[in-house]
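Residue-level structural notes
Chain residues, written in single-letter form:
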Amino acid sequence: MKVIATDVLIIGAGLAGERVAIATAKEDLDVIMLSLVPPRRSHSAAAQGGMQASLGNSIMGKGDNPTIHWLDTVRGSDWGCDQEVARIFVDNAPIAMREMAHYGVPWNRVVGGPQDVFIKSKKTRIEEDYEKEGLITARAFGGTAKWRTCYTADGTGHTVLYAMDNMAVQLGIDVHDRMEAMRLIHDNGRCLGAVTRSLRDGEIVVYLSKSTVLATGGYGRLYGISTNAVINEGTGSWLALQTGIVPLANMEAVQFHPTGIVPTDILVTEGCRGDGGTLLDVDEYRFMPDYEPEKQELASRDVVSRRMMEHIKKGKGVKSPYGDHLWLDLRHLGEEHLKTKLREVYDICMYFIGVNPIKELVPVRPTQHYSMGGIRVNKDGHAYGMKGLFAVGEVANWDMHGFNRLGGNSLAETVVAGMIVGKCVAEYTKNTSLKTDVALAETFTQKELDKITQLLNGSGNENVYQLENEIADALHHNVGIFRNGGELDEGVAKLKEVVKRTKNVKVRTSSSGMNPELSSALRIEGKAKQALIIAMGALNRTESRGAHYREDYPARDDANWLNRTLSRWPEGAEEPVFDYELVGVLDLPPGDRGYGGGEQIPMKIDLEEYNNRVDQDQTVKGRLKPVESTGIRLPKEAWKEAE
Amino acid sequence: MGRTLNCKIFRYNPTKENDKPHIDTFYLEETPRLNLFTALSKIREEQAPDLMFDFVCRAGICGSCGMVINGRPTLACRTLTSDLPDTIELFPLPFFKLLGDLSVDTGIWFRDMAERVESWIHTETKFDPIAEEERMNNTLANEIYESERCIECGCCIAGCATAQVFPEFLGAAGLNRIGRFLIDPRDQRGNEEWFELISTDEGIFGCFGMMACDDVCPKDLPLLEVFAHIRQKMTGMTLKTLGGFKS
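A quick note: this is a predicted structure, and the numbers were derived from the prediction, not measured. (Residues numbered from 1 in each chain as written. Chains lettered and ligands numbered in written order. Predicted model: local features only at pLDDT ≥ 70, side-chain atom pairs only at ≥ 80, totals over all residues. Heavy atoms only, no water.)

1. Some remarks on the overall build of chain A
Applicable threshold: Secondary structure elements follow DSSP: runs of H or I of four or more residues count as helices, runs of E of two or more count as strands, with numbering from the N terminus. In this setup the radius of gyration rests on C-alpha atoms only. A globule is expected at 2.2 Å times the number of residues raised to 0.38. The buried label applies to any residue whose accessible area, calculated with a 1.4 Å probe on protein chains only, is under 20% of its type's maximum; exposed applies above 50%, and partly exposed to all values in between.
A count of helical and extended segments in chain A gives 17 helices and 22 strands. Here the C-alpha atoms of chain A give a radius of gyration of 23 Å, agreeing with the 26 Å that 2.2 N^0.38 yields for 643 residues. The principal-axis extents of the C-alpha atoms in chain A amount to approximately 70 × 50 × 50 Å. For chain A, the residues scored as buried account for 69% of the 643 residues in total.

In structure tokens, the structure reads:
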């Protein structure tokens, strides 16, 4: 058994993981990053549109500040977020953008003077302030009061990831790529490292660490049809779930992005609509203003996706061999804009579906895109119930997004949370000694070796790819954009069966090396169990909030469901166990979002009573004590001034 | 009715004793808008569960899936079978270490390249979290972005004659990276440092000017212009070093 010891073990080398690596390496700690792929191939690279931060340099963002950003974020979340965490995020986002500029990101900048732009699809002339010339500019995104999304054309994730990785290279941070963590090693509520398997040659390697950070991204690929990279299979959230101790939160909160292209399900950025693109139906009629007169195409993603599906259900979709879709119209933006600011979008349309967006309409439909749910952590990023285990980025439920995240807020979250959580990880690690319990590590390793033997030599007859398809099918058909009790019941039943069948998977080839079928087979239990948690969580939640929409319970129910779902899978149990906690201290009282319509059932207790219970409630549910007391970063009623 | 595609795929598992490089042939029914990501995934699911290849974003953005397709290094995910003849020959990218079948280790090479060219902003300026960001002209930001668009797929290196005979050559990807920092005013490297990096056989002198890199680059990076700029800059530095002329 090969054993490697380090201070900080970071699993996942996308933006969030790398930012934590940089924060801890700068404190002279030994850091190792593990990654399924070379860091620059992480899914962060695929983010196109940008990052929200209230710099307010563009004239269309004039007067912006963190409080206005916070209001947009809390409303976007449909009051499901932790308002204090959202506040920590908005306060630090401008710093993070400037820091990334310092690292080398070539942000697009303000150009002074008259500029022709599209506002609510109308060509409009704006005058950019000459005094702001050369500062970081921003574009419009959905659900925002101001133009706030900082960008580099439509390759923002790419440039930020490259700048971040450049910094990691400069600091000489070790990356062990093509390594997959299989199991966390833990004892008595403390994480001690991880058992991993090399995807190069199948070698098993044990890493022992003072602190372990999960930064593996989301679980979108469980849906099969998804804009996500093929590596976003919920591998990190499975590591946490497998402990039986750490809860996953709000797994039923799954985002569908309005503009996945048809077919191939590749994303084209929200920046398309931010820059003036419109949605058209089969008659080439622009339908969004009828549903959302105020925000039109730029309501939040959950709302636009639902409106699109509603319109398709009225028979207004465009028929195609791949199912009904709608059109994204970018033609009026013109060739120059499409070949510069939306160049990736132009390339994707040309290469993958042979559509020239300068002259033709782009076929789109809502497609699974983001996982709001994830490993429940406190505001320091420390996992519930497990000392020394942290989670950051999409894999975590830090919880600034609640039940719907705004476009541009997740890419920004990776670097902001990476910065905040990175500090906490460094502090924790410096005050911790390495515990090298080799016998314990061997016990955990043996479990994985037994699993491999079983998959290769067992008497099972299930095909892993078949099960993957059944999971995707159940989620797609039964736990999609519109949900109801009957379909969810059916989905839960299907997925319970799949969970059982994962025990009988047999790998057909026993070849050495990376053996892709074995790698898939090792992931299937985690995928099936998480899919079941998504479906059961959605069935249990008898209300509609953000991306979770129940046709049979269309109201947002703040009397009974202003809470966060927690799910654990105790070792040896047949089924997951569900629990609920208060969302956090509320400063902005629940109200109407200003888009999306719908009814709200008011809270039964007043805000003060709710807020008084938060700390105690979350502690009981397993939250480790954060470094700073609850609510301290949330300035009381600051929003009243911004309104 | 669709065609039946005849996929001839290079196979070799270096971790398997006695395995020898060979070609396996797979037959696949072509479906509308089929790309090589879907085609290879299907072959793995249905015919060859141990077939090794790399895809991540499957959207032409991450650079994982470079391979030689009918003789040409390019991205497999955005290659449509409808643009190819009935017979499709797939080989791993040459030059890089072979991990198995169509999978090669580009990550290690690119990390090494980043270390060699010191692919980061060299600055003495400390980041001040409360200060306004340094201003930059938007045209310049766009120019930097133009070089920054490289996705490290390795196609330019695989297509480069110099790299095949002289593995130390930084290749188009490395030179382009140098070009990216050369025009960035935030990078305070002086002429001597640049000169040392560029004016060697590993740098711009290694290039024979055949420009296959420019031909195969899937992101259409302006490599000709970048190289011209580097040469120009170098000439300027040489003249300054000689002290005779003002550049």
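Now, onward.
2. Notes on the interface of chain B and chain A
Interface size is often expressed as the accessible area that is lost when the parts come together. Under the convention used in this document: The contact criterion used is simple: two residues touch if any of their non-hydrogen atoms lie within 4.5 Å. Two parts placed together each lose some accessible area under a 1.4 Å probe, and the buried area is that loss summed for both. Salt bridges are counted wherever a side-chain nitrogen of Lys or Arg sits within 4 Å of a carboxyl oxygen of Asp or Glu. What qualifies as a polar contact is a pair of N or O atoms within 3.5 Å, subject to a donor-acceptor requirement within protein and to the restriction that residues adjacent in sequence count only when both atoms come from side chains.
In this assembly, 71 residues from chain B lie in contact with 75 residues from chain A. Here chain B meets chain A over a buried area of about 6000 Å², counting both sides, of which 52% is carbon and sulfur. Applying the counting rule to chain B against chain A returns six salt bridges. The residue Asp54(B) makes a salt bridge to Arg178(A) at a minimum N-O spacing of 2.9 Å. Our enumeration of links across chain B and chain A arrives at 38 residue pairs in polar contact (both at pLDDT 80 or more).

3. A word on the domain arrangement of chain B
Residues and elements named next belong to chain B. Condition: For the purposes of this description, domain bounds are those given by an automatic or database domain assignment.
You can read the domains of chain B as domain 1 (4-104) and domain 2 (106-242). Between domain 1 and domain 2, the C-alpha centre-to-centre distance is 30 Å. The interface is formed by 15 residues belonging to domain 1 together with 18 residues belonging to domain 2. Counting each side, the surface lost to burial between domain 1 and domain 2 is near 1300 Å², with a carbon and sulfur contribution of 63%. Taken as a group, Pro-73, Phe-95 and Phe-96 account for 43% of the area that domain 1 buries against domain 2, more than any other trio of residues on that side. Linking domain 1 with domain 2 are one salt bridge.

4. Quick look at the side chain of Arg98(A)
Summarising the element assignment, Arg98(A) is placed in helix H3 (residues 83-103). Here Arg98(A) falls in the buried class, since its relative accessible area comes to 18%. The contact partners of Arg98(A), leaving out residues within four places of it in the chain, are Leu55(A), Phe127(B), Ala131(B), Glu132(B) and Glu133(B).

5. Regarding the packing of helix H13 (residues 464-478) of chain A against helix H15 (residues 516-540) of chain A
Residues and elements named next belong to chain A. Put simply, the test is: Interaxial angle, 0 to 180 degrees, is taken between N-to-C directions of lines fitted to C-alpha atoms, where a helix line uses only the stretch in contact. Any angle from 65 to 115 degrees is called roughly perpendicular, while one under 35 is roughly parallel, one over 145 is roughly antiparallel, and all others are oblique. Note on convention: the crossing is left-handed when the near helix lies turned anticlockwise from the far helix by less than a right angle, right-handed when the turn is clockwise. For this classification, the nonpolar set comprises Ala, Val, Leu, Ile, Met, Phe, Trp, Tyr, Cys and Pro, the charged set comprises Asp, Glu, Lys and Arg, and every other residue, Gly included, is treated as polar.
Look at H13 against H15: their axes get within 9 Å of each other, and the N-to-C directions meet at 25°. In terms of orientation, H13 lies roughly parallel with respect to H15. For the crossing formed where H13 meets H15, the hand is left-handed. Facing H13, whose interface residues are Val-464, Tyr-465, Leu-467, Glu-468, Ile-471 and Leu-475, H15 presents Pro-516, Glu-517, Ser-520, Ala-521, Ile-524, Lys-527, Ala-528, Ala-531 and Ile-534. Residue classes in the contact of H13 with H15 are distributed as eleven nonpolar, one polar and three charged.

6. Digging into the packing of aromatic side chains
All names here are of chain B. Threshold: Only Phe, Tyr and Trp rings take part, Trp by its six-membered ring, and two of them pair if their centres are within 6.5 Å. Stacked means planes under 30 degrees apart, edge-to-face means over 60, and tilted covers everything else. A ring is scored as having a charge over it whenever the NZ atom of a lysine or the CZ atom of an arginine sits within 6 Å of its centre and within 35 degrees of its normal.
Tallied over the full model, the rule gives 13 aromatic pairs over all chains. The interplanar angle of 70° and the centroid separation of 5.5 Å between the aromatic rings of Phe-53 and Phe-55 together place this pair among those described as edge-to-face. In terms of burial, Phe-53 and Phe-55 fall into one category: buried. Between Phe-96 and Trp-109, the ring centres sit 5.9 Å apart and the planes meet at 85°, which makes this aromatic pair edge-to-face. Residue Phe-96 is found in the loop between strand S5 (87-91) and strand S6 (97-100), and its partner Trp-109 is found in helix H2 (residues 106-116); the two are separated by 13 residues along the sequence. Like Phe-96, the residue Trp-109 is buried in the burial classification. Each residue in the set Phe-95, Phe-96, Trp-109 and Phe-110 is aromatic and connected to the rest through ring pairs, giving one cluster. A cation over a ring is seen here: Arg-44 above Phe-53, with NZ or CZ 4.1 Å from the ring centre.

7. A closer look at the sheet that holds strand S2 (residues 22-29) of chain B
All names here are of chain B. Heads up, the condition is: Whether two strands pair depends on DSSP finding at least two bridges between them.
The mixed open sheet is built from five strands, whose spatial order is S2-S1-S5-S3-S4. What marks the edges here is a single partner per strand, and that holds for S2 and strand S4 (72-75). Strand-to-strand twist across the sheet, computed as the mean angle between neighbouring axes with direction ignored, equals 35°. Here helix H1 (residues 36-46) sits on the sheet and contacts strand S1 (4-11), S2, strand S3 (66-69) and S5; the angle it forms with S2, its principal contact strand, is near 105°.

8. Description of the nonpolar core
The line we're drawing: Nine residue types can take part in a nonpolar core, namely buried Ala, Val, Leu, Ile, Met, Phe, Trp, Tyr and Cys, and a core is a set of them joined through side-chain atoms within 4.5 Å.
Counting residues in hydrophobic clusters, the biggest one holds 147 residues, and the most contacted among them are Met97(A), Trp107(A), Leu214(A), Ile375(A) and Val415(A). For this core, the element with the highest residue contribution is H15(A), accounting for twelve residues. Apart from residues no more than four positions distant in its own chain, Val415(A) is found in contact with Leu15(A), Arg19(A), Met51(A), Ala96(A), Met97(A), Met100(A), Val160(A) and Met164(A). Grouped together as the second largest cluster of nonpolar side chains are 70 residues, Phe287(A), Ile312(A), Ile9(B) and Leu84(B) included.

9. Quick notes on the pairing of strand S14 (residues 326-329) of chain A
Residue and element names in this part refer to chain A. Residues of S14 alternate between two faces, with Leu-326 and Leu-328 on one and Trp-327 and Asp-329 on the opposite face, all of them buried. Examined bridge by bridge, strand S13 (residues 278-280) and S14 share three bridges and lie antiparallel to one another. Across the sheet, the residue bridging to Thr-278 is Asp-329, located in S14. Note: S14 against strand S15 (residues 362-371), three bridges, orientation antiparallel. When the sheet's bridge partners are listed, Leu-326 is paired in S15 with Val-364.

10. What about the pattern of salt bridges?
Residue and element names in this part refer to chain A. Scanning the model with the defined rule gives 79 salt bridges over all chains in all. The partner of Asp-558 in a salt bridge is Arg-545, with the nearest N and O atoms 2.9 Å apart. With Asp-558 in the loop between strand S19 (556-557) and strand S20 (563-568) and Arg-545 in the loop between H15 and S19, this pair connects stretches of sequence that are 13 residues apart. Residue classification places Asp-558 among the buried residues on the basis of a relative accessible area of 5%. Take Arg-545: its relative accessible area is 0%, and that puts it in the buried class. Residues joined in a network through salt bridges with shared partners are Asp-78, Glu-252, Asp-302, Arg-306, Arg-541, Glu-543, Arg-545, Arg-556, Asp-558 and Arg-593.

11. Some details on the confidence of the model for chain B
Stated precisely, the cut-off is as follows: Residue-level confidence of the predictor is summarised by pLDDT, bounded by 0 at the bottom and 100 at the top.
Mean pLDDT over chain B works out to 93, with 97% of the residues at or above the 70 mark. What the predictor reports for the complex is a pTM of 0.97 with an ipTM of 0.96.

12. Examining the environment of Thr87(B)
All names here are of chain B. Relative to the elements of secondary structure, Thr-87 occurs in strand S5. Taking relative accessible area as the criterion, Thr-87 reaches 30% and is therefore assigned partly exposed. Considering only alpha carbons, one finds Thr-87 and Leu-5, 82 residues apart in sequence, at a separation of 6.1 Å. Other than its neighbours up to four places away in sequence, Thr-87 contacts Asn-6, Lys-8 and Asn-70.

13. Topic: the sheet that holds S20(A)
All names here are of chain A. The strand order S18-S16-S11-S20-S21 describes an open sheet built from five strands, whose pairing is mixed. Across the chains shown, the open sheet's two edge strands, defined by having one partner strand only, are strand S18 (396-397) and strand S21 (577-582). One ladder, built from two bridges, connects strand S16 (residues 374-376) with S18; its direction is parallel. Each residue of the ladder has a partner; that of Ile-375, found in S18, is Ala-396. Where H15 meets the sheet, its contacts fall on strand S11 (248-249), S20 and S21, and the angle it forms with S21 comes to roughly 55°. Helix H16 (residues 607-620) rests against S16, S20 and S21 of the sheet, and its axis sits at about 140° to S21.

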